[in-house]
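# Chains, contacts and geometry: an overview
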Amino acid sequence: MSDILIVDDERDIRELISDILQDEGYTTRLAGNSDDAMAEINGEPPALIILDIWLKDSRMDGIDILKTVRRDNPDVPVVIISGHGNIEIAVAAIKQGAYDFIEKPFNIDQLLVVIRRAMETSRLRRENQSLRRRDDTRAEMIGSSASFRTLVSNLDKVTKSNGRVMLTGPAGSGKEVAARYIHANSNRAGGPFVTVNCAGVAAERMEEVLFGRETPERGIEAGLLEEAHGGIIYFDEVADMPIGTQSKILRVLVDQQFQRVGGNDKVRVDLRVISSTNRDLEEAIAAGTFREELYHRLNVVPIMVPPLEDRREDIPELARHFIAEMNTTQGLPLREISDDAVALMQTMVWPGNVRQLKNLIERVLILGDGNGPIEARELPGTDEAAGDENRVVLSGALATLALREAREAFEREYLLTQINRFGGNISRTANFVGMERSALHRKLKSLGVVTSAKSGARVAHMDEEPETAD
């Protein structure tokens, strides 16, 4: 972009600057007052603005125009010029966000140097933002289980709308990945994706972080809401947002505008809001820690992100994805996974969900010896029996039971685990455990094990009234 808007109330000055810039290969537009300037800016923002502070017969002076540009078009650099310049005006202009200040009569070479630097800075800033956005969209949805397919189907339904989405699910289940998937496949994919870590910002700083601030010393400092203009703002663990901030965010959702802390101007923003929580917000409302009206504003489209235990079929695919990713980003070994290791991972308890699985894979790759397949013995919890592969270590509770009761308890837990490992698929479970399907059904009935739909998949669990074994 090389389109420069020149705003000066002296016709000779603006035409002189225009002629010089055109000789240098720039295209120019001219405005002699604030109304013409704002019409040009609002019609099509230029690549750079050369702006006189003193504008005769205008509703706004240069500082007013600068404030408006910084509010509505923060990526457009502004170079201030003035024949009445002094240090106070220069400082005021820089604090309000001007790239530089040049006093009339100015040196043409100096002006050209400032313009080149300003446009290069603007170009680098845009490239940096573009790279960050491209990196944001790298988050991939990995899986093929029934519950995962249900999740992706629900996400696909909301990508093209501007509806507010509330993602629920336990910590580490991949709620932010789901939010980034919505962004990457939406009509806002070219805009920013800005995350607000509601649990990680001190309550007394939350409003400055979100809304930005204006001070005489530092001028305008944009907040996260302004950074997200034109894109998506993601409130991660929204239940941790301070109660005082909640009412102000509610007003932003209604008006799409706000005031910076310490400022008087209204800042307009175009945002789509996605939020997430691992807590029961209705309980938080009852406890008085979350505003009910904000809940209803955010919870327009609720989508549940299932825990890893509901998508155990995806564990091998996720593990291989993390191995490939860490090989690319960290240079860790590109290892295969043995069948025994896969089986063990699919039966492990995952309170930390996908995040825990990723951490486990990283740990194994860092501490592992060699580039061969990852073996079950390398996984946590296998050390105690490592000396004798033929031994099974009993839990304390199981060891106190009579043989019949212990056998039933083991069979029940074993089959529950295997069925859930195979996503509720009885045929695959029967094949793995070495039983006829009809025999497995009879065994499950005798143990009080049933399957039902959950998160789009079949999940095994205990029946309320199990039959006693013969």
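Before reading further, recall that the structure is shown in the block above.
For the structure given in this document, a descriptive report is provided here. (Residues numbered from 1 in each chain as written. Predicted model: local features only at pLDDT ≥ 70, side-chain atom pairs only at ≥ 80, totals over all residues. Heavy atoms only, no water.)

### What about the overall build of the chain?
Counting its regular elements, the chain contains 19 helices and 16 strands. Radius of gyration (C-alpha) of the chain: 31 Å, far over the 23 Å computed for a compact globule of 470 residues. By its C-alpha atoms, the chain is 105 × 55 × 35 Å across when sized along the principal axes. Across the 470 residues that make up the chain, the buried fraction comes to 45%. Counted over contacts in the chain with a minimum sequence separation of 6, partners at least 24 positions apart contribute 69%. Just so you have it, the chain exposes about 24,100 Å², and 47% of that area is on carbon and sulfur atoms. Separation between the mean location of the 58 positive side-chain charges and that of the 76 negative ones in the chain comes to 3 Å. (Helix = DSSP H or I, 4+ residues; strand = E, 2+ residues; numbered from the N terminus. Rg over C-alpha atoms; globule rule 2.2 N^0.38 Å. Buried < 20%, exposed > 50% of the residue type's maximum accessible area, 1.4 Å probe, protein only. Contact = heavy atoms within 4.5 Å. Areas by Shrake-Rupley, 256 points an atom, 1.4 Å probe, with all protein chains shown as cover. Lys, Arg positive; Asp, Glu negative; His and termini not counted. Charge placed at Lys NZ, Arg CZ, Asp CG, Glu CD.)

### Here's the deal with the nonpolar core
Buried together is how nonpolar side chains tend to be arranged in soluble globular proteins. Ranked by size, the top nonpolar core spans 33 residues in total, and within it Leu-225, Ile-233, Phe-235, Ile-249 and Phe-290 carry the most contacts. Within the residue set of this core, elements represented by two or more residues are strand 7 (193-197), helix 8 (206-211), helix 9 (224-227), strand 10 (232-236), helix 10 (243-255), helix 11 (281-286) and helix 12 (292-298). The residues contacting Phe-290, other than those within four sequence positions of it, are Val-238, Ala-239, Ile-243, Gln-246, Leu-281, Ala-284, Ile-285, Tyr-295 and Leu-298. (Core = buried A, V, L, I, M, F, W, Y, C linked by side-chain atoms within 4.5 Å.)

### Side note on the packing of aromatic side chains
The description of an aromatic ring pair rests on the distance of the ring centres and on the angle between the ring planes. Considering all chains together, one arrives at four aromatic pairs under this definition. Aromatic pair Phe-211 and Phe-258: ring centres 5.5 Å apart, planes at 45°, arrangement tilted. With Phe-211 in helix 8 and Phe-258 in strand 11 (residues 257-259), this pair connects stretches of sequence that are 47 residues apart. You can call Phe-211 buried: its relative accessible area is 3%. In this structure Phe-258 comes out as buried when scored by relative accessible area, which is 5%. (Phe/Tyr/Trp six-rings, centres within 6.5 Å; stacked < 30°, edge-to-face > 60°.)

### Here's the deal with the pattern of salt bridges
Across all of its chains, the model carries 24 salt bridges by this definition. A salt bridge links Arg-29 to Glu-40; the nearest nitrogen and oxygen atoms lie 2.9 Å apart. Placement of Arg-29 in strand 2 (residues 27-31) and of Glu-40 in helix 2 (residues 34-43) is noted, with a sequence separation of eleven residues between them. Overall, Glu-40 belongs to the partly exposed group, its relative accessible area being 27%. Taken together, the shared-partner salt bridges connect Asp-8, Glu-10, Asp-52 and Lys-104 into one network. (Salt bridge = Lys/Arg side-chain N within 4 Å of Asp/Glu carboxyl O.)

### Details of a negative patch on the surface
On the surface, a cluster of negative charge is contributed by Asp-280, Glu-282, Glu-283, Glu-292 and Glu-293. Of all the secondary-structure elements, those providing two or more residues to the negative patch are helix 11 and helix 12. Relative to the helices and strands, Glu-283 is located in helix 11. Judged by its relative accessible area of 55%, Glu-283 is exposed. (Patch = residues over 30% accessible without salt bridge, like charges linked within 9 Å, V, L, I, M, F, W, Y side chains within 5 Å.)

### Here's the deal with unusual backbone geometry
The backbone of Asp-57 sits at a positive phi, close to 55°, despite the residue not being glycine. Here Asp-57 shows up in the loop between strand 3 (48-52) and helix 3 (62-72). Judged by its relative accessible area of 82%, Asp-57 is exposed. Within the chain, Gln-256 stands out as a residue other than glycine whose phi angle is a positive 55°. Structurally, Gln-256 can be placed in the loop between helix 10 and strand 11.

### Things to note about the packing of helix 13 (residues 315-330) against helix 15 (residues 353-367)
The angle between the axes and the distance between the axes are what describe a pair of packed helices. Put simply, helix 13 and helix 15 touch, their axes get as near as 10 Å, and they point 55° apart. Between helix 13 and helix 15, the angle is such that the two are oblique. Here helix 13 runs over helix 15; the crossing is right-handed. Here helix 13 contributes Ile-315, Leu-318, Ala-319, Phe-322, Ile-323, Glu-325, Met-326 and Gln-330 to the contact with helix 15, which in turn contributes Val-354, Leu-357, Lys-358, Ile-361, Glu-362 and Leu-365. Residues that form the contact of helix 13 with helix 15 fall into these classes: ten nonpolar, one polar and three charged. (Axes fitted to C-alpha atoms, helices over the stretch in contact; angles between N-to-C directions. Parallel < 35°, antiparallel > 145°, perpendicular 65-115°, else oblique. Left-handed = near helix turned anticlockwise from the far one by under 90°. Nonpolar A, V, L, I, M, F, W, Y, C, P; charged D, E, K, R; others polar.)

### Notes on the pairing of strand 1 (residues 3-7)
A regular strand places its side chains so that they alternate between the two faces of the sheet. With five of its five residues buried, strand 1 lies for the most part within the structure. Alignment of strand 1 against strand 2, held across five bridges, turns out to be parallel. Each residue of the ladder has a partner; that of Leu-5, found in strand 2, is Arg-29. Crossover handedness for the path strand 1 to helix 1 (residues 11-23) to strand 2: right-handed. One ladder, built from four bridges, connects strand 1 with strand 3; its direction is parallel. Counterpart to Val-7 in the pairing with strand 3 is Leu-51. (Pairing = 2+ DSSP bridges. Right-handed = clockwise from strand over helix to strand, strands pointing away.)

### Observations concerning helix 7 (residues 175-184)
For helix 7, the buried fraction is high: seven of the ten residues fall into the buried class. Every buried residue of helix 7 is accounted for by Lys-175, Ala-178, Ala-179, Arg-180, Tyr-181, Ile-182 and His-183.

### With respect to helix 19 (residues 437-447)
Listed as buried for helix 19 are Leu-440, Leu-444 and Leu-447. Relative to the axis of helix 19, the buried residues are bounded by an arc of 70° and lie together on one face. Projecting away from the buried face of helix 19 at angles above 90 degrees are the exposed residues Arg-442 and Lys-445. A positive backbone phi angle near 75° is found at Gly-448, which sits one or two residues after helix 19. (Arc of directions from axis to C-beta.)

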